[in-house]
Amino acid sequence: MKSVNPTSLPLVAISTLVNHAGGWVLLLILSFSQLQAYTTERVVLVIIDGLRYSEGLGDPEHLQVPRMAALAEQGALVTDFQNDGATYTSRAIPAIWCGAWTDINSFHDPACDGVENNTSELPTVFEYFRKHLDRPASDCVYTLKELCSWKASFDPDYGVDYWPQYHEAGHTDVEVWHETEGIIENLAPHFLMMYLADVDSRGHSGDWDNYLSAITTADSIVGVLWDVLQADTAYAGKTTMMVTNDHGRHDYNFSGHGDNCMGCRQIQFLAVGPDIHVGLQSGVPRTIPDITPTIGELLGFPTEDATGTSMMELIDPTSNIRDVSQTNSPENFKLSRLYPSPFNGELTIEYRLNTGSPGNLNIFNLQGNLVWNKELSASSTGLSKVKWQGINNSWEPLPSGIYIVQLSTSNLTTSTRVLLLK
Ligand SMILES: [Zn+2]
Ligand SMILES: [Zn+2]
């Protein structure tokens, strides 16, 4: 480890902020003219059926949902998210897929031995994704328990050719999770939706403790899902996960739902990922039809029959600019390569700083605190390397998590994210 003088850190931190501002002003111009894409390449959507907000993230103690509460802090939570249509599953789940409250049709489903099944009138997020991005069904997977799932649309512009791959497995949320975990490992789809049904069915049973334990299980599944994604090179650092539900439960009786009471209407929505604001609690009112357009925004496809709008307030514009700076910066100033990713013992950072001025290599945690810094001399030519052992400036090991690696000079800034995984 090369010299880092702890007494110089406050000054370094201040100059970094100034550099940041200067760099961002410069790079903002690039972003509008040259780049549409986000860092997000994959989206995972989890639906927890019938979770009342007061037992979910609406509980200030988060007794049943500690993992989701922690994820909401790493990402963004919409504090006023409502089911603004029918507060029951057969209408609200298709509204999530379609980005609109859609009519439901029935048809004889050959995949279900010809029994009557439901299909949405409007095209779905699956169909938009597959058609516009030209993806195979194996890249668009919907996991749920064995119930002969409702199907996507027969819209003439979309339809069966663009339906997702349905994986129906087991009878409990845990079994659905095991199926999902295998799909992440074996298919690594760019769009994955997991439907967890147990909270609603346990709620209907009227057994309060059973209902709460189903919520705790769903919360653990969401937490482990995020851990698995962060440990998987196909997903780590480029996946946005969204967690929501279709409806709540009556204020006055947790065993039922379906009317306009606040308990039925208010639901939760959290998003976490590389483009999502960290620690945002957004008070902008949002509703179920806004989910599909937000997925389309992040993955880059239109959702033309959706009535909702993309939740742009959740997207951190600076995360986009960071990537612009990395991909479009001149050859003489860039973070070239960071490896291994994720890393455990030691991260090698390759960079080019051939601008004739000295620079800094700064590492921030997701709270924006500078945790490690190294001054770089002006004389660097060609490709240079720095090694970082995942420690702070006091040589203390840092916890697992995402860190932002920033290369800066007095007027240029570029950064990228790395995952420290112990
Ligand atoms: Zn129900
Ligand atoms: Zn109600």
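Everything quoted here is computed from the prediction, not taken from an experiment.

Caption draft 1: View of the overall build of the protein. When helices and strands are counted, the protein shows 10 helices and 18 strands. At a minimum sequence separation of 6, the contacts of the protein that also span at least 24 residues come to 69%.

Caption draft 2: Structural detail: the pairing of strand β1 (residues 42-48). Here β1 lies mainly inside the structure; seven of its seven residues are buried. Across the two faces of β1 the burial is the same, with R42, V44, V46 and I48 and V43, L45 and I47 all buried.

Caption draft 3: Expanded view of the environment of Q268. Here Q268 is to be found in strand β9 (residues 266-272). Here the alpha-carbon distance between Q268 and V78, two residues 190 residues apart in the chain, equals 7.0 Å.

Caption draft 4: Structural context of the sheet that holds strand β15 (residues 370-376). Pairing is antiparallel in the open sheet, where four strands are placed in the order β15-β14-β17-β18. The strands lining the two open edges of the sheet, one partner per strand, are β15 and β18 (413-420). Recorded for the sheet is a direction-independent mean angle of 20° between the axes of neighbouring strands. In this structure, strand β17 (residues 401-408) lies alongside β18, joined through eight bridges in antiparallel fashion. The partner of Y403 across the bridge, within β18, is V418.

Caption draft 5: Quick peek at unusual backbone geometry. Cis geometry marks the peptide bond from Y339 to P340, where omega comes out at -10°. Inspection of the secondary structure assignment puts P340 in the loop between β12 (333-339) and β13 (347-353). The step from S341 to P342 runs through a cis peptide bond, and the omega angle for that step is -5°. With respect to the element layout, P342 can be found in the loop between β12 and β13.

Caption draft 6: Representation of the sheet that holds strand β16 (residues 383-388). If you walk across this open sheet you meet the three strands as β12-β13-β16, and the pairing is antiparallel. One side of each edge strand has no neighbouring strand; the edge strands of this open sheet are β12 and β16. Strand-to-strand twist across the sheet, computed as the mean angle between neighbouring axes with direction ignored, equals 25°. For β12 and β13, the ladder comprises six bridges, and the chain directions are antiparallel. Looking across to β13, one finds that L338 is bridged to I349.

Caption draft 7: Molecular detail of the packing of helix α5 (residues 173-186) against helix α7 (residues 208-230). As a packed pair, α5 and α7 sit with axes 11 Å apart at the nearest point and diverge in direction by 10°. Here α5 is positioned roughly parallel relative to α7, judged by the angle of their axes. Listed contacts from α7 to D173, V174, W177, E181 and I184 of α5 are T217, A218, I221 and V228. Tallied by class, residues from the contact of α5 with α7 come to six nonpolar, one polar and two charged.

Caption draft 8: View of the confidence of the model for the protein. On average, residues of the protein carry a pLDDT of 86, and 87% of them reach 70 or more. Across residues 1-36 the pLDDT falls below 50, and counting only partners more than four positions away or on other chains, this stretch makes 38 contacts in the model. Here residues 320-329 scores under 50 on pLDDT; set against residues more than four positions off or in separate chains, the count is 27 contacts.

Here is what the cut-offs are and how they apply
- Residues numbered from 1 in each chain as written.
- Chains lettered and ligands numbered in written order.
- Predicted model: local features only at pLDDT ≥ 70, side-chain atom pairs only at ≥ 80, totals over all residues.
- Helix = DSSP H or I, 4+ residues; strand = E, 2+ residues; numbered from the N terminus.
- Contact = placed C-beta atoms within 7 Å.
- Buried ≥ 20, exposed ≤ 12 C-beta atoms within 10 Å, placed from the backbone.
- Pairing = 2+ DSSP bridges.
- Axes fitted to C-alpha atoms, helices over the stretch in contact; angles between N-to-C directions.
- Parallel < 35°, antiparallel > 145°, perpendicular 65-115°, else oblique.
- Nonpolar A, V, L, I, M, F, W, Y, C, P; charged D, E, K, R; others polar.
- pLDDT = per-residue confidence, 0-100.

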